[in-house]
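Examining the three-dimensional arrangement
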Amino acid sequence: MTCDVTNIVIAGLGGQGVIKASDIIAEAAIRAGFEVKKSELHGMSQRGGSVSSDVRFGPSVFSPMVPTGEADFLIVVDPDQVSVNRHQLRNGGVLITPSVIDEKQLTVKKSLNIALLGELSRHLPIAEKEWLEAIRTNLSPKLQDANLKAFALGRANRGSALTTAIPAVRSKTPVSASTGPRHRASEPDFIPIENLREVQLQRLQFIARRAYERVPLYRQRMDGSGVKPDDIRSLDDVARLPFTQKADLRDTYPFGLFASPLHEVVRLHASSGTTGKPIVVAYTREDVAVWTNVMMRAFASYGLHEHDIIQNAYGYGLFTGGLGAHYGAEALGATVIPISGGNTERQIMVMKDFGVTAICCTPSYFLHLIEKAQEMGEDLHQLSVRVGVFGAEPWTEGMRQRIEAESGIKAYDIYGLSEIVGPGVGSECERQCGLHIFEDHFYPEIVDPETGKSLPDGAEGELVFTTLSKLAMPMIRYRTHDITALMAEPCACGRTIRRIRRISRRSDDMLIIRGVNVFPSQIESALLRIEQTLPHYQIVLTRESGLDQMEVHVEVTPQVFSDEVRALEELHRKLTQAIETVTGIHIHVRLVAPRTLQRSEGKAKRVLDRRNEPPR
Amino acid sequence: MKLHQLSLFLENRPGELRPPIQALADAGINILTLSLADTEQFGILRLIVRDWQKAKTVLERAGIVAKVTEVVAVEVPDRPGGLAALLGIFDQAKLNIEYMYAFSEKRGDKASMVFRVADPDTALRALQASGINVDL
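Computed from a predicted structure; not experimentally measured.

**Describing the overall build of chain B**
- For chain B, the helix and strand inventory stands at four helices and six strands.
- Overall, chain B shows an N-to-C arrangement of helices and strands of β-α-β-β-α-β-α-β-β-α.
- Residue burial in chain B is summarised as follows: out of 136 residues, 24% are buried.
- Restricting to contacts in chain B with at least 6 residues of sequence separation, those with at least 24 account for 68%.

Next comes the structure, spelled out in structure tokens:
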């Protein structure tokens, strides 16, 4: 994986300490435990000629050269060299020039390069002591004091002078507005880790108490496992709290887990449960505000802002996707088009005519949109859309590459589940390397899916969340069944909130089809209702022009088989209707001959997932 | 007369029809007549054989489920208006015909046809009352 590599280009004239500065960056990064590659220089090294050097660091780095237009940071020591080097900077990258330093404050003018490193150091996940050590070992002792002072001067900068961002080559909107590279909404993503842990502990203690005092199920569970809210003295104590499962929401349907009286609840949403009944989630006014805030932070982390026009193609309604994205995008100040799902031709017309710059939908729906646009003779590369916010179903890196290549947009992953808040539990940043969890509100843990034992950061296991601030419906150690790992190492974007790896699979049999959760047990209950006994069946998932399709193959049992065509067609109609009612999605039922479905150890293989197979 | 008809469920795709027919062939069972109904997804094969119980066992051994239904077999005069007159009897008795098909063999100037109705006994009585030979 190269997604965590930080690219730095430093440029200037011979004699300005360009190479020396790159040596220092490289050493500081090595000291911080990164792999580093450095290209010595390209250009002329003699005094007065233009010089530049590339430094790349990350968990692993293959090539020493920063490809054109991919520098995250461009440091130009000579003001006249800015324009000739600008093309090196990526869209949204950070440009550091002498204008950020008050040169009069430098003891020695030659330390300008080190002052610029001070500015750079503010943006990198490398501790100050590593920088100081790198400066000491690389520079002459004679000028050490002057250099350390210069470094401190740059490091003490407070954002004002920081410049960035050339407009994207094909974008019609400036990529970054006056707010600079970091949107103000993103500030909580960068809070110092100690402060974050302190806030988390306070909130955990609060929510454990609220759950215990207001929700009978939590009180019984906590009493049963001999833990009281007062026992939560550190964040590690979260592991003493009992788990909550989806079945608990079903068993307390509809309002049994609410910790707020209904008059304080301003919103209800619902998502499919494991059987016929949905699960219900509730929000107070404060909860909606938190949700709005995290969604706004997600949008900000993709570089979106008030100048963007966001087409929200998530479904509006009981599903949390539509309204969740809507509130966040509005709070960001963007222009929101609440188009909801479906009607693909209209989606493309709106995208083109309204000058849409970002779209929210499931990744599979966007693939469908790409194909439809091609049919309509529209080239998405030519449109102003530049960001896709894709979630509500797991997708792969391969799908991202395909989407980005075929549409020219940047495709970002967003994570969430209704039980915790809806979309906005976590989101990728511009590095596209794991999803940052908004852990000031949703405390993540990884546990062994079999034993429930807590696992350390980095280990793969089941993702578990405790909501730290949700009033109406606190979730204590909710088992998501999503398999991933927490990435504790700092992200190159500088956010302090931890990341999870992209969700690759689940520990249960839940299927996600066009953003809708479907359990085989729902299908069984529908089959059973129509046929009285459970026939052998198989769920076959395919992908047709980007859209997930679900076929249910049902063996015709002797009990229901008829020699009359219309009786079988009636059976077919009833089965289709029953399954569509319980799952809420459009499906195809295929009647198949008895004893023809594949069986293993007497049981039919329930799910055949062909979505990632090449079309046949 | 009442006959026992075997019905088989088949998917509507190549290669589905042959296995049951081959199984009967291998057991030396002759098919007197058959009809194949088709829809977009599936088909229903209906068979008349002399020894339906043996045929059913043979098919089941081959992993094929066959449903047994009672149908009515009737002689129909093989001339213009023969079938029309017969159908008049069904109409008068308000009997709905789900489907029908003919035997491939005929005796003299009579053809034989198979009728599927909800209640074969009522159909037989109505036909007999109108002087139709129902004993083939």
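That shown, we press on.
**Examining the overall build of chain A**
- Of regular secondary structure, chain A possesses 15 helices and 29 strands.
- Every one of the 616 residues in chain A was classed for burial, and the buried ones make up 47%.
- Intrachain contacts of chain A at a sequence separation of at least 6 include 67% that bridge at least 24 residues.

**Regarding the nonpolar core**
- If you look at the biggest cluster of nonpolar residues, it comprises 95 residues, and the most contacted ones within it are Phe299, Leu304, Ile310, Ile359 and Phe366 of chain A.
- Sorting elements by how many residues they give to this core places helix H9 (residues 285-301) of chain A first, with eight residues.
- For isoleucine 359 of chain A, the residues in contact, after removing those within four places along its chain, are Gln311, Ala313, Met351, Phe366, Val385 and Gly388 of chain A.
- By size, the runner-up hydrophobic cluster in this structure holds 46 residues, among which are Val554 of chain A together with Leu6, Val71 and Val114 of chain B.

**Thoughts on the sheet that holds strand S29 (residues 607-609) of chain A**
Residues and elements named next belong to chain A.
- Ordered in space as S26-S25-S24-S29, the four strands form an open sheet in which the pairing is mixed. Only two strands of the sheet have a single partner each, and these edge strands are strand S26 (588-592) and S29. Direction aside, the axes of adjacent strands within the sheet are offset by 25° on average.
- Taken together, the three bridges between strand S24 (residues 537-544) and S29 define a ladder with parallel strand orientation. By the bridge assignment, valine 540 is partnered in S29 with leucine 608.
- Across the sheet, helix H14 (residues 520-531) touches S24, strand S25 (547-555) and S29, and the angle it forms with S24 is around 125°.

**Here's the deal with helix H6 (residues 193-214) of chain A**
All names here are of chain A.
- Taking 1.5 Å per residue, 22 residues should reach 32 Å; H6 reaches 31 Å between its end C-alpha atoms and fits that length.
- Among the residues making up H6, those that are buried are Leu204, Ile207, Ala208, Ala211 and Tyr212. Taken around the axis of H6, the buried residues stretch over an arc of 125°, which confines them to a single face. Those residues of H6 that are exposed and aimed more than 90 degrees away from the buried face are Asn195, Gln202 and Glu213.
- Contacts from the buried residues of H6 go to helix H7 (216-224), strand S16 (442-447) and strand S18 (460-467).

**Looking at the confidence of the model for chain A**
- Of the residues in chain A, 92% reach a pLDDT of 70 or more, and the chain-wide mean stands at 88.
- Note that pLDDT drops below 50 for residues 160-180 of chain A; the model gives that stretch 48 contacts with residues more than four away or on any other chain.

**Section: the interface of chain A and chain B**
- Taken together, the contacts link 14 residues of chain A with 16 residues of chain B.
- Looking at the side of chain A that touches chain B, its residues break down into nine nonpolar, no polar and five charged.

**Examining the sheet that holds strand S5 (residues 97-107) of chain B**
Residues and elements named next belong to chain B.
- The strand order across the open sheet built from six strands is S2-S3-S1-S4-S6-S5, with neighbouring strands paired in antiparallel fashion. Both outer strands of the open sheet, strand S2 (31-38) and S5, are each paired with one neighbouring strand and no more. Neighbouring strand axes in the sheet, compared pairwise and without regard to direction, differ in orientation by 30° on average.
- Relative to strand S6 (residues 110-117), strand S4 (residues 66-77) is paired through six bridges, and the arrangement is antiparallel. When the sheet's bridge partners are listed, valine 72 is paired in S6 with phenylalanine 115.
- Helix H3 (residues 82-92) rests against S4 and S5 of the sheet, and its axis sits at about 120° to S4.
- Its contacts with the sheet put helix H4 (residues 120-129) on strand S1 (2-11), S4 and S6, and the angle it makes with S4 is roughly 10°.

**So, the environment of glycine 584 of chain A**
- By secondary structure assignment, the location of glycine 584 of chain A is in the loop between helix H15 (565-583) and S26.
- The sequence separation of glycine 584 of chain A and valine 518 of chain A amounts to 66 residues, and the corresponding C-alpha distance is 8.8 Å.

**Re the packing of helix H4 (residues 128-138) of chain A against helix H5 (residues 144-155) of chain A**
Residue and element names in this part refer to chain A.
- Where H4 meets H5, the axes come as close as 10 Å, and the angle between the chain directions of the two elements is 150°. Of the possible angle classes, the one that applies to H4 and H5 is roughly antiparallel. Remark: the crossing between H4 and H5 carries right-handed chirality. On the side of H4, the interface is formed by Trp131, Leu132, Ile135 and Arg136, while H5 contributes Gln144, Asn147, Leu148 and Phe151.

**Focus on unusual backbone geometry**
All names here are of chain A.
- Note that the residue after tyrosine 253, namely proline 254, is joined by a cis bond; omega there is -5°.
- Tracing the sequence through the fold places proline 254 in the loop between helix H8 (246-251) and strand S7 (265-271).
- Even without a glycine there, the phi angle at serine 340 is positive, about 65°.
- Looking at where serine 340 falls in the secondary structure, it is placed in the loop between strand S10 (335-337) and helix H11 (344-353).
- Looking at serine 340, the number of C-beta atoms within 10 Å reads 18, which means it is partly exposed.
- Notably, glutamine 432 is not glycine yet its phi reads approximately 55°, a positive angle.
- Mapped onto the fold, glutamine 432 is located in the loop between strand S14 (422-428) and strand S15 (435-437).

**Some details on the environment of arginine 31 of chain A**
All names here are of chain A.
- For arginine 31, the location among the structural elements is in helix H1 (residues 18-31).
- Of the residues examined, arginine 31 has 17 C-beta atoms within 10 Å and is grouped as partly exposed.
- For arginine 31 and isoleucine 126, which are 95 residues apart along the polypeptide, the C-alpha to C-alpha distance reads 8.5 Å.

**Notes on H7 of chain A**
Residue and element names in this part refer to chain A.
- Within H7, burial applies to Tyr218, Arg221 and Met222. End-on, the buried residues of H7 take up no more than an arc of 95°, which puts them together on one face. Among the exposed residues of H7, those oriented more than 90 degrees off its buried face are Pro216, Gln220, Asp223 and Gly224.
- The inward-facing, buried residues of H7 contact H6.
- Trailing H7 by a residue or two, glycine 226 shows a phi angle of about 65°, which is positive.

**So, the pairing of S2 of chain B**
All names here are of chain B.
- Bridging between S2 and strand S3 (residues 42-49) involves seven bridges; their strand directions are antiparallel. Bridge pairing links leucine 34 to leucine 47 in S3.
- Between S2 and S3, which pair antiparallel and follow one another directly, the connecting turn spans three residues.

Conventions used here
Residues numbered from 1 in each chain as written. Chains lettered and ligands numbered in written order. Predicted model: local features only at pLDDT ≥ 70, side-chain atom pairs only at ≥ 80, totals over all residues. Helix = DSSP H or I, 4+ residues; strand = E, 2+ residues; numbered from the N terminus. Buried ≥ 20, exposed ≤ 12 C-beta atoms within 10 Å, placed from the backbone. Contact = placed C-beta atoms within 7 Å. Core = buried A, V, L, I, M, F, W, Y, C linked by C-beta atoms within 7 Å. Pairing = 2+ DSSP bridges. Axes fitted to C-alpha atoms, helices over the stretch in contact; angles between N-to-C directions. Expected span 1.5 Å × (residues − 1). Arc of directions from axis to C-beta. pLDDT = per-residue confidence, 0-100. Nonpolar A, V, L, I, M, F, W, Y, C, P; charged D, E, K, R; others polar. Parallel < 35°, antiparallel > 145°, perpendicular 65-115°, else oblique. Left-handed = near helix turned anticlockwise from the far one by under 90°.

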